[in-house]
Amino acid sequence: MSIGLIIIQAIIIAIVIMPFALFLGGNKKKVAELRKALEAEATQNNCKFHKVEVHGNFAIGADTTNQKLFFYRKNKSDACAKVVDLKSVSFCKPIKETKRVKDKSKHYDVIEKIGLAFFNNNHNRVISIEFFNYDEMILNDELVVAEEWHKFLNEVLTSKEDVKTVEKQKELTVAVS
């Protein structure tokens with residue numbers, strides 16, 4: 001009788017644990033798939049990542065040596081890969097588009113899009129990448145991720161400008177001598 005009871009308990013425990021194990025295994029597979037797609041883009045451009053982040057349905061990575069940013073997003077319907085040449089970009093801004101919704105007596109803002117926009121020296125938008133779209137996904141930490149990458153990329157871009165200034169000063173010193 002005790003062996004039958006042990007078997008029944010083991011079956012019940014397996015039934016309870018199985019969904020969690022399947023969920024975690026599926027999530028790891030999705031993360032690995034996004035990372036692999038992003039690394040394939042980097043390999044095509046002969047780049048190596050200095051910083052990579054996989055989040056939800058997108059992956060983003062940067063090669064600071066070659067001044068390239070890689071972005072890959074996969075939704076249910078399509079996949080999108082973008083490569084941003086940071087050499088042609090002067091600054092980066094976070095995108096947060098909201099709309100005001102009225103509900104009987106309350107007004108509140110709904111976030112529609114979150115991403116990053118890249119601009120050249122003439123303040124013209126070169127390219128933008130989208131982390132979140134209200135129509136396609138549920139908002140998690142995309143706003144925090146966008147802010148972190150905004151800070152990181154602007155640091156990379158300002159250090160690029162500092163290097164250009166030092167190179168110009170060296171050229172002037174050589175020309176004067």
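Scroll up a little and you will see the structure.
Structure report, in brief. Everything numeric here is computed off the predicted structure, so don't read it as measured data.

Reading the values: rules and limits
- Residues numbered from 1 in each chain as written.
- Predicted model: local features only at pLDDT ≥ 70, side-chain atom pairs only at ≥ 80, totals over all residues.
- Heavy atoms only, no water.
- Helix = DSSP H or I, 4+ residues; strand = E, 2+ residues; numbered from the N terminus.
- Buried < 20%, exposed > 50% of the residue type's maximum accessible area, 1.4 Å probe, protein only.
- Areas by Shrake-Rupley, 256 points an atom, 1.4 Å probe, with all protein chains shown as cover.
- Pairing = 2+ DSSP bridges.
- Axes fitted to C-alpha atoms, helices over the stretch in contact; angles between N-to-C directions.
- Patch = residues over 30% accessible without salt bridge, like charges linked within 9 Å, V, L, I, M, F, W, Y side chains within 5 Å.
- Salt bridge = Lys/Arg side-chain N within 4 Å of Asp/Glu carboxyl O.
- Lys, Arg positive; Asp, Glu negative; His and termini not counted.
- Contact = heavy atoms within 4.5 Å.

## A few points about the overall build of the chain
Per the secondary structure count, the chain includes two helices and seven strands. Listed by position from the N terminus, the elements making up the chain come as α-β-β-β-β-β-β-β-α. Here the chain holds 177 residues, and 30% of them are scored as buried. Put simply, the chain shows about 12100 Å² of open surface, and 57% of that area lies on carbon and sulfur atoms.

## A few points about unusual backbone geometry
One non-glycine residue, Asn-46, adopts positive backbone phi at about 55°. Mapping Asn-46 onto the fold places it in the loop between helix 1 (2-44) and strand 1 (51-55). Non-glycine residue Gln-67 carries a positive phi angle of around 55°. Secondary-structure assignment places Gln-67 in the loop between strand 2 (58-63) and strand 3 (68-74). A residue is classified by how much of its surface remains accessible, and Gln-67, at 11% relative accessible area, is buried.

## Here we look at the sheet that holds strand 4 (residues 79-85)
Pairing between the strands of a sheet is mediated by backbone hydrogen bonds and can be parallel or antiparallel. Strands sit in the order 1-2-3-4 across an open sheet of four strands; the sheet is antiparallel. The strands lining the two open edges of the sheet, one partner per strand, are strand 1 and strand 4. Neighbour-to-neighbour, the strand axes of this sheet turn through a mean angle of 10°, independent of strand direction. Across six bridges, strand 2 lies against strand 3 in antiparallel orientation. Across the sheet, the residue bridging to Gly-61 is Phe-70, located in strand 3.

## Notes on a nonpolar patch on the surface
Side chains of Ile-8, Ile-12, Ile-13, Val-16, Ile-17 and Phe-20 sit close together on the surface and give an oily, nonpolar patch of about 610 Å² of accessible area. Relative to the assigned elements, Ile-17 resides in helix 1.

## Observations regarding the environment of Phe-132
Positionally, Phe-132 belongs in strand 7 (residues 125-133). On the basis of relative accessibility, which here comes to 2%, the residue Phe-132 falls in the buried class. Each C-alpha atom of the pair Phe-132 and Leu-143 lies 8.4 Å from the other, and the pair is 11 residues apart in sequence.

## A closer look at the side chain of Lys-68
Topologically, Lys-68 is positioned in strand 3. Among buried charged residues, Lys-68 stands out as having no salt bridge; its nearest opposite-charge side chain is Asp-85, 4.5 Å away. Setting aside chain neighbours within four positions, we find Lys-68 in contact with Cys-47, Gly-61, Ala-62, Asp-63, Val-83, Val-84, Asp-85 and Leu-86.

## Comments concerning the pattern of salt bridges
When their charged atoms lie close together, side chains carrying opposite charge are able to pair. Summed over the entire model, instances satisfying the criterion amount to six salt bridges. Glu-130 is paired through a salt bridge with Arg-73; the nearest N and O atoms lie 3.4 Å apart. On the criterion of sequence distance, the pair formed by Glu-130 in strand 7 and Arg-73 in strand 3 is long-range, its members being 57 residues apart. Of the two residues, Glu-130 and Arg-73, both sit in the buried class.

## What to know about the pairing of strand 1
Two strands pair when backbone bridges link them, and strand 1 and strand 2 are joined in this way by five bridges, in the antiparallel orientation. The residue bridging Val-52 from the neighbouring strand is Gly-61, located in strand 2. Remark: two residues form the turn of the hairpin made by strand 1 and strand 2, two consecutive strands paired antiparallel; Gly-56 in that turn has positive phi of roughly 60°.

This is a description of form; function is not addressed.
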